[in-house]
Amino acid sequence: MTVEDRAPELLEQATAVAGTEPLRETSERTGESDRLDGENRLKSDFVRRVRDALDEGERDQVYDLVEPLHPADIADLFELLDGDERPLLARAITDLLSADVIAELNDHVREALVEDLPAEDIALIAEQLETDDAVAMLEDLDEEDQQAVLAELDPEDRAAIESALSFPEESAGRIMSRDFIAAPEFMRVGDLIDYLRRDHDLPTEFWEVFVVDQGHHPVGTCALSWILRAPRDVALADVMKRDQTLIPVAMDQEEVALRFQKYALISAAVVDDAGRLVGQITVDDIVHIIQEEAGEDALLLSGAGDGDINEPLPATIRTRLWWLFINLGTAILASGVVAAFEGTITRLVTLAVLMPIVTGMGGNAATQTMTVTVRALATNQLTSSNTWRMIGREWWIASANGLGLGLLMAIGCQVVYGDWWLSFVLLLAMILNSLNAGLSGVLIPVTLNRMRIDPAVTSTVFVTTMTDTLGFFFFLGLADLFKLSA
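Scoring rules and cut-offs
Residues numbered from 1 in each chain as written. Predicted model: local features only at pLDDT ≥ 70, side-chain atom pairs only at ≥ 80, totals over all residues. Heavy atoms only, no water. Helix = DSSP H or I, 4+ residues; strand = E, 2+ residues; numbered from the N terminus. Buried < 20%, exposed > 50% of the residue type's maximum accessible area, 1.4 Å probe, protein only. Contact = heavy atoms within 4.5 Å. 1 Å grid on protein atoms, 1.4 Å probe; cavity = no way out; pocket = protein on both sides within 12 Å on 5 of 7 lines; lining within 4 Å. Points joined across faces, edges and corners; volume = space filled by probe spheres on them. Nonpolar A, V, L, I, M, F, W, Y, C, P; charged D, E, K, R; others polar. pLDDT = per-residue confidence, 0-100. Pairing = 2+ DSSP bridges. Axes fitted to C-alpha atoms, helices over the stretch in contact; angles between N-to-C directions. UniProt positions renumbered as here; feature names shortened; annotations may be inferred. Core = buried A, V, L, I, M, F, W, Y, C linked by side-chain atoms within 4.5 Å. Parallel < 35°, antiparallel > 145°, perpendicular 65-115°, else oblique. Left-handed = near helix turned anticlockwise from the far one by under 90°. Phe/Tyr/Trp six-rings, centres within 6.5 Å; stacked < 30°, edge-to-face > 60°. Salt bridge = Lys/Arg side-chain N within 4 Å of Asp/Glu carboxyl O.

Draft legend 1. Representation of the overall build of the protein within the structure. Within the protein one finds 24 helices and six strands. For the protein, the proportion of its 486 residues judged to be buried stands at 42%. The long-range share in the protein, meaning contacts at least 24 apart out of those at least 6 apart in sequence, stands at 63%.

This is the structure in structure tokens:
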């Protein structure tokens, strides 16, 4: 009888073993419940019922409402509640506040929630987490609170977390897991399978076995599919894949994500400075990193901070206000250029009407170029090998944009004001500022990147200054040159 013939029987056996609870949870997570909608989000009516129960102090009712939720949905519920409601929820569902829930929480929410828990409770949660998740939970605590939690941990767990905390933030050492399978290259496939079945302390989730030499240096990998299909008496050295992507422990997490994307990795070995295997990074960790990095640069370009609605209000205000102060300085500089041509503007008020168009279109064009450049730098599409090609490309794009928009505005200016010289000056100014915007949008991020300065953080200030200041200078300077005010 084939597997296909036995499919109904196997399905029935699997259902009997697994029970119906996972199926019920899956059904509810697809929206077939009074808690989740069709897009797998908590319904506002459900959140309101939880809030009402919290306000009335009905802890049992809160527990009954929350208990059926998946840990990820419980984490979403914490994020949807107000800051003063979260501790009440935590006290009402203490035994539901598992490591899985903590791992799914937003960073700001988790930090605030953890600060309200005693050190022994935090330690108990940390021991249930993967090393990288435990580090993420502890790294934002004050030094005193962090040491208090570490003192409550088992020596083995404490050593692993302290080692991870010693690495720079957002490095491979911080996000790697120390739970991995390593085997010597002389071991045979059958012996490895027996070892994996016999030792119950091994990790429960892994996709490949790292093969190491006597110095614990990774020399290859064996996918589980290879191990299961290979004859038992074959040595690992004969079936392993020697070509592998090794991640240095100090590598930035963004670069790690790029390697996973480039080489289509599911997991990768992390090595220390001596080349010894110290951990692994899996694709589920990379998904979170890609999500973070994807929005980070755009938010940095706008000066909006983390862009997280759960970020504490004072921190958000400080970040945005500081950025606006910097932009205020660039605006004052641009106003200084305008003030230098005050007499010209006074004699021809039409210039004041048209000059915001020149600077505004230059700023928009620069933002487009800068965004493309910063993304290209972040994804390694733009390197020293093709920088000049990128500059030439943006030169032609800026020339075409400036000429097209300039002609359109010149024709409009001629129709409205009937002044050929003013239309000609407007055309030249828009072409020049478009070229200025295109070159600034490339050269400034590239230069900052070469100086080891994050271009996503500082490019906007310099590019805005260039387009506004030079935009006013081009238009008003040309107007004064051609004596339009005479």
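Draft legend 2. Representation of empty space enclosed by the protein within the structure. All chains considered together, the criterion is met by three cavities of 30 Å³ or more. Of the pockets and cavities examined, the largest cavity occupies roughly 80 Å³. Surrounding the largest cavity, Val358, Met361, Gly362, Ala365, Asn401, Gly402, Leu405, Met430, Asn433 and Ser434 form its lining. It is helix 21 (residues 350–378) that contributes the most residues to the lining of the largest cavity, four residues altogether. Its residues assigned to classes, the lining of the largest cavity shows five nonpolar, five polar and no charged.

Draft legend 3. View of the confidence of the model for the protein. Predicted confidence across the protein gives a mean pLDDT of 82, with 87% of residues reaching 70 or more. Counted against residues more than four places away or in other chains, residues 1–32, with its pLDDT under 50, gives 18 contacts.

Draft legend 4. Just the sheet that holds strand 2 (residues 208–212), in detail. Ordered in space as 1-2-3, the three strands form an open sheet in which the pairing is mixed. Two strands in the sheet have a free side with no partner beyond their single neighbour: strand 1 (182–184) and strand 3 (218–223). Across the sheet, the mean angle from the axis of one strand to that of its neighbour is 35°, orientation sign disregarded. As defined by bridge partners, strand 1 adjoins strand 2 across three bridges and the pair is classed as parallel. Residue pairing in the sheet places proline 184 in a bridge with valine 212 of strand 2.

Draft legend 5. Representation of the sheet that holds strand 4 (residues 246–248). Taken together, three strands build an open sheet; the order of strands is 4-5-6 and the sheet is mixed. A single partner strand is all that each edge strand has here, and the edge strands are strand 4 and strand 6 (277–282). Taken over all neighbouring pairs, the strand axes of this sheet differ in orientation by 35° on average, direction set aside. Relative to strand 6, strand 5 (residues 267–271) runs antiparallel, the two sharing five bridges. Looking across to strand 6, one finds that alanine 268 is bridged to isoleucine 281. The sheet contacts of helix 17 (residues 253–263) involve strand 4, strand 5 and strand 6, and relative to strand 4 the element is tilted by about 170°.

Draft legend 6. Molecular detail of unusual backbone geometry. With a phi angle near 60°, glutamate 170 is a residue other than glycine that sits in the positive phi range. If you trace the backbone, glutamate 170 turns up in the loop between helix 12 (155–165) and helix 13 (172–175). Using a relative accessible area of 38% as the deciding quantity, one classes glutamate 170 as partly exposed. A positive phi angle, close to 65°, is found at histidine 216, a residue other than glycine. Inspection of the secondary structure assignment puts histidine 216 in the loop between strand 2 and strand 3.

Draft legend 7. Spatial organisation of the UniProt feature "transmembrane region" (unreviewed entry) in the protein. Under the UniProt annotation, the feature "transmembrane region" (unreviewed entry) is placed at residues 321–341, 395–417, 423–444 and 456–479. Measuring from the first to the last C-alpha atom of residues 423–444 gives 31 Å, for a span that is 100% helix and 0% strand.

Draft legend 8. Quick peek at the nonpolar core. Core analysis: the biggest nonpolar cluster contains 45 residues, and Val66, Leu77, Phe78, Leu89, Ile93 and Met137 have the highest contact counts within it. Top element by residues in this core is helix 3 (residues 44–55). It accounts for five residues. Residue contacts for phenylalanine 78: discarding those within four places in its chain leaves Arg86, Leu89, Ala90, Ile93, Leu97, Val101, Leu105, Val109 and Leu113. If you look at the next biggest cluster of nonpolar residues, it comprises 22 residues, including Leu351, Met355, Met430 and Phe475.

Draft legend 9. View of helix 8 (residues 107–115). Residues of helix 8 that are buried include every one of His108, Val109, Arg110, Leu113 and Val114, and no others. Along its buried surface, helix 8 packs onto helix 5 (71–80), helix 6 (86–92), helix 7 (99–104), helix 9 (119–128) and helix 10 (131–138).

Draft legend 10. Inspection of the packing of helix 21 against helix 22 (residues 387–417) at higher detail. Helix 22 packs onto helix 21 with a crossing angle of 155° between their chain directions and a minimal axis gap of 12 Å. When the axes of helix 21 and helix 22 are compared, the pair comes out roughly antiparallel. Remark: the crossing between helix 21 and helix 22 carries right-handed chirality. Judged by residue contacts, Thr350, Val353, Leu354, Ile357, Met361, Thr369, Val372 and Thr373 of helix 21 engage Met390, Glu394, Leu405, Met409, Cys413 and Tyr417 from helix 22. Residue classes in the contact of helix 21 with helix 22 are distributed as ten nonpolar, three polar and one charged.

Draft legend 11. Region of the structure containing the environment of aspartate 179. As for its position among the elements, aspartate 179 is in the loop between helix 13 and strand 1. Sequence-wise, aspartate 179 and valine 278 are 99 residues apart; in three dimensions their C-alpha atoms are separated by 9.4 Å. Setting aside residues no more than four positions away along its own chain, aspartate 179 makes contact with Glu130, Pro203 and Gln280.

Draft legend 12. Quick peek at the packing of aromatic side chains. Summed over the entire model, instances satisfying the criterion amount to six aromatic pairs. Judged by centre distance (6.4 Å) and plane angle (75°), the rings of phenylalanine 180 and phenylalanine 210 are edge-to-face. In this pair, phenylalanine 180 sits in the loop between helix 13 and strand 1 while phenylalanine 210 sits in strand 2, placing the two residues 30 residues apart along the sequence. Taken individually, phenylalanine 180 and phenylalanine 210 each receive the classification buried, so the pair is uniform in this respect.

Draft legend 13. View of the environment of methionine 390. For methionine 390, the location among the structural elements is in helix 22. The exposure class assigned to methionine 390 is buried, which follows from its relative accessible area of 10%. Each C-alpha atom of the pair methionine 390 and valine 442 lies 7.7 Å from the other, and the pair is 52 residues apart in sequence. In contact with methionine 390, not counting residues within four places along its chain, are Val372, Thr373, Leu382 and Val442.

Draft legend 14. Examining the pattern of salt bridges more closely. Under the counting rule described, the total for this entry stands at nine salt bridges. Among the salt bridges present, the one from aspartate 272 reaches arginine 276, with a minimum N-O distance of 3.2 Å. The class of arginine 276 is partly exposed, set by a relative accessible area of 40%.

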